[in-house]
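Spelled out from the first residue to the last, the chains are:
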Amino acid sequence: MSHRACGVLAAILALPCPALAQDEEPVLEPPVLIEFVPAQYPEEAFAKGLKADVILAIKIDAEGFVTSVDVVTPAGSGFDEAAVDAAWEFRFEPATADGEPIESVIEYRYRFFMKEKPKEPAKKPPDEEGEVEEVEEEQEEEEEEEEEEYVTVVKGEKEKTEQVVKHTLDTKEILMMPGTGGDLLKSVQNLPGMARAPANMGLLIIRGSSPGDSIILMEDHPIPIAYHFGALSSVINSEFIKEIEFIPGNFSVRYGRGTGGMVNVKPKWEVPESWHVVADVDVIDASLWAFGPLGDKGYIGASIRRSYIDAVIEAGGKLIDNVGMTVAPVYWDYQLFFMYRPTPRDEIRFSNVGSNDKFRFLFSDVGDDPTITGIGFESGFHVGQFRWKHTFSPTITYEASMQLGWIGSEGSIGTNVKFDVDSFIVSHRQDLRFELGRWTELTIGIDLQPNLFSATALAPALGTEADSFGSAELGEMDLQEWMWELAAFAEIKLKPHENVDIVPGVRVDYHAVIQDFELQPRLILRYRPHELTTLSAGVGLYTQSPSLPTVIEPWGNPDLIAQRAIHYAVGLEQDLPWAWLDLTFQLFYKTLDRLVEPTPDYVERDGQLTALRYNNEGRGRAYGLELLLRIQPDHFIYGWLAYTLSKSERWNTEIDRWIPFNFDQPHLLTVLLGFELPRNWNVS
């Protein structure tokens, strides 16, 4: 059984309208719901199997926007708040009197119940949030007013037309998932396409790409650091995350600067019923968080956390003769989230996230290399994000967001490596969406990332060889400069048939650090031959700037250009309701060229022979298949089986053949299974 929410338009009560001649009866037309938003089923109520009807009074203005929502008949158990939150997002064609739009008030019954997935296909085309099926329609006369009653049943998630495949993990699944400690960001390692990082380092190795080639976002903006030292935990408290989107390839033109995959963290923004304060202590850290409502239009939450593993490791370090520990590994983080809806057309969000990791080891026995006397490292960041969403009309929406912050790191390895790096980071996005009729939607936007980078460093020059660490050629860097990454994009969603989606898009990136423009066309196709079956295909071009040390002299080559990848994929999504299963299968192929690789060659610059150090002559490929067999949510049993068969290779010019990439992992199998037992017990 899966939970569903439905609404019933029970009565149309028109507010006062313009004066009419007394001998004429106005022709009244009720408002029509054109954008239905499914309510979030209250978790505790769902766990107890509760159902409810909430009667709402919804006021609608002359443009079809909801201006007030009041509970007429409450149901309790979190149903009232969930229904109100959803109703605020409804969009209507306004009521009319003699053809002129007027304000109106309707009485709306929002029904929460558990229902098997219907076997008959929907009669209406899909809307933005799912498929809507008319299952009952009747008219009757009551007090000389016309009353229309109909029931809408929401089936499935928002259509995934922008990607060939997208895996979404919700909080309930992840908190019960074994092996992750309830950490949402760590949970993506269990999905197909994601390889395991060596030594549990928390690296994202997606479809054979280098860890630095994939992007991690929080609400569409980059997260400077995703995991604490040793991937002990992620930097965002899982209690404030609603879901995580994992797209292993062929992501939308709205995103760029990566040739691998993408992880997008979506925070919770629902208004809770009441305030909650929680303290949590486990084997490595302790945390405190709180969240609660700001009236019925807002929400605020905050969290702090600190590890105490430093005390454990420091005690153990005393048992090792040649290790002296001045600062043991320690981390802390904090988050603040704020949301407010000042008007029915506007939503304001603010978040602030910060993190710090630090450790230092001193060696009393330096061995054969006297330059290696110890290792030290510290990194941290603080970022604030502001987002404003405005709905101009039911067919035009606008979002603007800005992220400002700082990220820094410093460290040393003995006497030959010292660095201190600071960046003032900026990320700005604007998205404007138009519904150009029933079957067409256009999205245009800009994506800017100007960052002020400053660094001082002393280290062996990369791309050179040496007999020992202490004898390596040293390079010095002392610089401060702005690095601009600018992009514009446009994407159109076409629906020539109710079962066909065509999503072409184009993105233009300017990589200012290497003065390189890149045009990136992409295309996604989706076809539903049956309501339980979806076929998809995609192809797209993706580019990424080389890492900064490879382009800055004297360590790098300033003449490098952007690295490039072409993603190809075909997929199948199949619902198997008779077996409580969802099947996702995908074949992928990815070509890589213009890869940055070391070279011993020299070039002449300003009349002097200079080591080239790097060039763009590398190329590679990755291909394979991914299978995900997932138990549909809302059963007493949950989990999935994920299998990836892949090959990641790079071309070796010395022997003229393909060789396995450093992170190549041909076979990856993950099986997760859990059971819900009586009295709120879970075993997984």
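What counts and what doesn't
- Residues numbered from 1 in each chain as written.
- Predicted model: local features only at pLDDT ≥ 70, side-chain atom pairs only at ≥ 80, totals over all residues.
- Heavy atoms only, no water.
- Helix = DSSP H or I, 4+ residues; strand = E, 2+ residues; numbered from the N terminus.
- Buried < 20%, exposed > 50% of the residue type's maximum accessible area, 1.4 Å probe, protein only.
- Contact = heavy atoms within 4.5 Å.
- Phe/Tyr/Trp six-rings, centres within 6.5 Å; stacked < 30°, edge-to-face > 60°.
- Lys NZ or Arg CZ within 6 Å of the ring centre and 35° of its normal.
- Salt bridge = Lys/Arg side-chain N within 4 Å of Asp/Glu carboxyl O.
- Patch = residues over 30% accessible without salt bridge, like charges linked within 9 Å, V, L, I, M, F, W, Y side chains within 5 Å.
- Areas by Shrake-Rupley, 256 points an atom, 1.4 Å probe, with all protein chains shown as cover.
- Lys, Arg positive; Asp, Glu negative; His and termini not counted.
- Charge placed at Lys NZ, Arg CZ, Asp CG, Glu CD.
- Pairing = 2+ DSSP bridges.

1. Here's the deal with the overall build of the protein chain
Then comes step 1: On a plain count of helices and strands, the protein chain comes out with 5 helices and 38 strands.
Then comes step 2: Looking at the protein chain residue by residue over its 684 residues, the buried ones come to 50%.
Then comes step 3: Counting only contacts in the protein chain whose residues sit at least 6 apart along the sequence, the fraction spanning at least 24 positions is 65%.

2. Considering the packing of aromatic side chains
Then comes step 1: In total, this model carries 25 aromatic pairs according to the counting rule given.
Then comes step 2: Pairing Phe 79 with Phe 112 gives two aromatic rings, centres 5.0 Å apart and planes at 50°, and the pair type is tilted. One end of the pair, Phe 79, is in helix H2 (residues 79-87); the other, Phe 112, is in strand E9 (residues 104-115), and 33 residues separate them in sequence. The pair formed by Phe 79 and Phe 112 is uniform in burial state, with each residue classed as buried.
Then comes step 3: Put simply, the rings of Phe 36, Tyr 41, Phe 46, Phe 79, Phe 90, Phe 92, Tyr 108, Tyr 110 and Phe 112 pair up and form one aromatic cluster.
Then comes step 4: Over the ring of Trp 651 we find Arg 619; its NZ or CZ atom is 4.7 Å from the centre of that ring.
Then comes step 5: Above the ring of Phe 661, the side-chain terminus of Arg 650 is found at 3.8 Å from the ring centroid.

3. Remarks on unusual backbone geometry
Then comes step 1: Not every positive phi belongs to a glycine, and Asn 250 is a case in point at roughly 55°.
Then comes step 2: Here Asn 250 shows up in the loop between strand E17 (241-247) and strand E18 (262-267).

4. Notes on the pattern of salt bridges
Then comes step 1: Scanning all chains against the criterion turns up 33 salt bridges.
Then comes step 2: Between Arg 433 and Glu 399 there is a salt bridge, and its shortest N-O distance comes to 3.4 Å. With Arg 433 in strand E26 (residues 417-435) and Glu 399 in strand E25 (residues 396-413), this pair connects stretches of sequence that are 34 residues apart. Of the two residues, Arg 433 and Glu 399, neither departs from the other in class, the shared state being buried.
Then comes step 3: The network of salt bridges with shared partners includes Asp 220, Arg 254, Arg 257, Lys 266, Arg 429, Asp 431, Asp 447, Glu 485, Arg 507 and Asp 509.

5. Some points on a negative patch on the surface
Then comes step 1: On the surface, Glu 43, Glu 44, Glu 81 and Glu 273 cluster together to form a negatively charged patch.
Then comes step 2: Position of Glu 273 among the secondary structure elements: in the loop between E18 and strand E19 (276-281).

6. So, the sheet that holds strand E8 (residues 100-102)
Then comes step 1: Here 3 strands make up an open sheet; going across it, the order is E2-E7-E8 and the pairing antiparallel. Whereas interior strands pair on both sides, the edge strands pair on one side only; in this sheet they are strand E2 (28-29) and E8.
Then comes step 2: Sheet analysis places E2 next to strand E7 (residues 95-97), joined by 2 bridges and oriented antiparallel. From the neighbouring strand, Glu 29 faces E7, where its bridge partner is Thr 96.

From the geometry alone we can't say anything about function, so treat these as descriptive.
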